[in-house]
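Tertiary structure, described
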Amino acid sequence: MEKFKKYDAIVICSTLNQMVNYIPIMLHEIDTKNIYNIRRNTPTNKIIKHKFDYGKWDENFKEVLGSEFDCEIQNINFNEKEISNHTNITNHIKKHIGEKIEGKKVLWNITGGQRHFVMAITEYVLKYKERKDDTIMYYDGDREKIYYYSQNENNIKPFNLLEENLNYEITIPKALRLMGFKVKNREDLREPSDYYKEINGEKTEEHKWYTDFHKFYSENEELRKLLVNSNRFKNDKEESTDKNSKKENKITKSVLNKILEEIKASGLKEDIKNMFKENALKTLEASLGDHCKGKVFGYMLEKMTLYNLMDIIESDGYKDIISDIDADISVDSAIKPKNKSLDQFDVMMATKTGKIIMLECKSGGMSGDNAKSNNYSTYAIAGVYGTPILVVPVIDGDSKSEKIHYQNNKNVYKYVGAAIDSAERASIDYKCINELSEILENYRDIEKE
């Protein structure tokens, strides 16, 4: 790999997903003062600018790179006339970059380039004798490989990013900042979450509780049906009057209390019931916070998903692939922040090669519009390499079981099945709660290709 790191400069193309430019610069240890950025002038038409805001994309890149290095990105701008034909583009490249890179060994990253730039760069590097030491690279984000092309291309083999123990501190905030977004309450772009730091470290009481709970939950259908059925529970309230004679609703019995009563009266084993008593119950209540009076099981599903993934990463050695994991993530625009978050995500992971995996945990139903919105949010936040996954509170086969009635609720998995149908119509993958390891196994499969 050492021979790939010896480049004096890099030429990149302005693009929405700046991760494809960030990774090669880190991989090849290129001096960040020698970056040349090919881009079209930002369009004035509002509709086109909304889709191709080169200025915004470049600002995202400068923000991340500038937070780590003393960098100097030199823009090579093209107007409409200069891209009107192939010869014009090639001449413009020779005129505005040729002198600056004369005598330098240059890496040309065409990954984010529009086709007319890609064709011109390919001709310029592979045809002209003065560029015989240069290399063109293409980053295939789906397969996690970099392909190299030069006038002496037989000496350069594709590089599999997953085969190396990369350490570019690809955190969730950094990955999202390269797309123009920021994560609330995580200002340091290089610092992984406290959850990630806990992997291979001392476990909190909350972590231990959800690890045990996931085991019981996966093995006991009665517990699953009881908790899925609890989605229909509502707080019991009575109208009361405070000192200022203002009417308010006082909760006399919370959703959590109703769940506890159901568990106590059930035929569940004592070791399961003990998880909802005394000190163990205090751990659960502390993890739920204000959710004790609201979507109790939905929040338990999120936490169970988070900690199970952390356990899988630790026990199966996936820390060489996953570089960050976080839960209950609020995302806002980095350039034009609003008072209200643009979107929230239940669980999110970042890979060491810059991919974002977003998990939406649904304890009950999900509309088709919600599924489509989740898919769109993933693309907007993480680009084309983002992966949305629905996590459902059943194990494989539950929703197809004939024994799906529970008390007065004839079909306890009805809305779970509807959520799965909505996800499939929106082309979103889904995983049962006992299948989360498959999410990470898929990345290992890419490595084995």
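Residues numbered from 1 in each chain as written. Predicted model: local features only at pLDDT ≥ 70, side-chain atom pairs only at ≥ 80, totals over all residues. Heavy atoms only, no water.

Next up on the list: the confidence of the model for the protein chain. Looking at the protein chain as a whole, its pLDDT mean stands at 85, while 85% of the residues score no less than 70. When mean pLDDT is compared element by element in the protein chain, helix 8 (residues 205-219) scores highest at 97, while helix 14 (residues 368-382) scores lowest at 51. Taken as a whole, residues 401-405 scores under 50 in pLDDT and shows eleven contacts with residues more than four places along the chain or in a different chain. (pLDDT = per-residue confidence, 0-100. Helix = DSSP H or I, 4+ residues; strand = E, 2+ residues; numbered from the N terminus. Contact = heavy atoms within 4.5 Å.)

The subject of this paragraph is the packing of helix 8 against helix 12 (residues 278-288). It is the contact of helix 8 with helix 12, at a shortest axis distance of 10 Å, that shows an interaxial angle of 105 degrees. As judged from the angle between their axes, helix 8 and helix 12 are roughly perpendicular. In this structure, helix 8 uses Glu205, Glu206, Trp209 and Tyr210 to contact helix 12, whose residues at the interface are Ala280, Thr283, Leu284, Ser287 and Leu288. Residues that form the contact of helix 8 with helix 12 fall into these classes: five nonpolar, two polar and two charged. (Axes fitted to C-alpha atoms, helices over the stretch in contact; angles between N-to-C directions. Parallel < 35°, antiparallel > 145°, perpendicular 65-115°, else oblique. Nonpolar A, V, L, I, M, F, W, Y, C, P; charged D, E, K, R; others polar.)

Within strand 1 (residues 9-13), five of the five residues are buried, leaving the element largely enclosed by the surrounding structure. The two faces of strand 1 match: Ala9, Val11 and Cys13 on one face and Ile10 and Ile12 on the other face are all buried. Two elements, strand 1 and strand 2 (residues 35-40), share four bridges in a ladder whose sense is parallel. For isoleucine 10, the partnering residue across the bridge sits in strand 2 and is isoleucine 35. A crossover connection joins strand 1 to the parallel strand 2 through helix 1 (residues 19-27); in handedness this β-α-β unit is right-handed. (Buried < 20%, exposed > 50% of the residue type's maximum accessible area, 1.4 Å probe, protein only. Pairing = 2+ DSSP bridges. Right-handed = clockwise from strand over helix to strand, strands pointing away.)

All right, on to a nonpolar patch on the surface then. On the surface, a nonpolar cluster with roughly 250 Å² of combined accessible area is contributed by Leu126, Tyr138 and Tyr149. You can see tyrosine 149 is positioned in strand 6 (residues 145-149). For tyrosine 149, a relative accessible area of 34% puts it in the partly exposed group. (Patch = residues over 30% accessible without salt bridge, like charges linked within 9 Å, V, L, I, M, F, W, Y side chains within 5 Å. Areas by Shrake-Rupley, 256 points an atom, 1.4 Å probe, with all protein chains shown as cover. Salt bridge = Lys/Arg side-chain N within 4 Å of Asp/Glu carboxyl O.)

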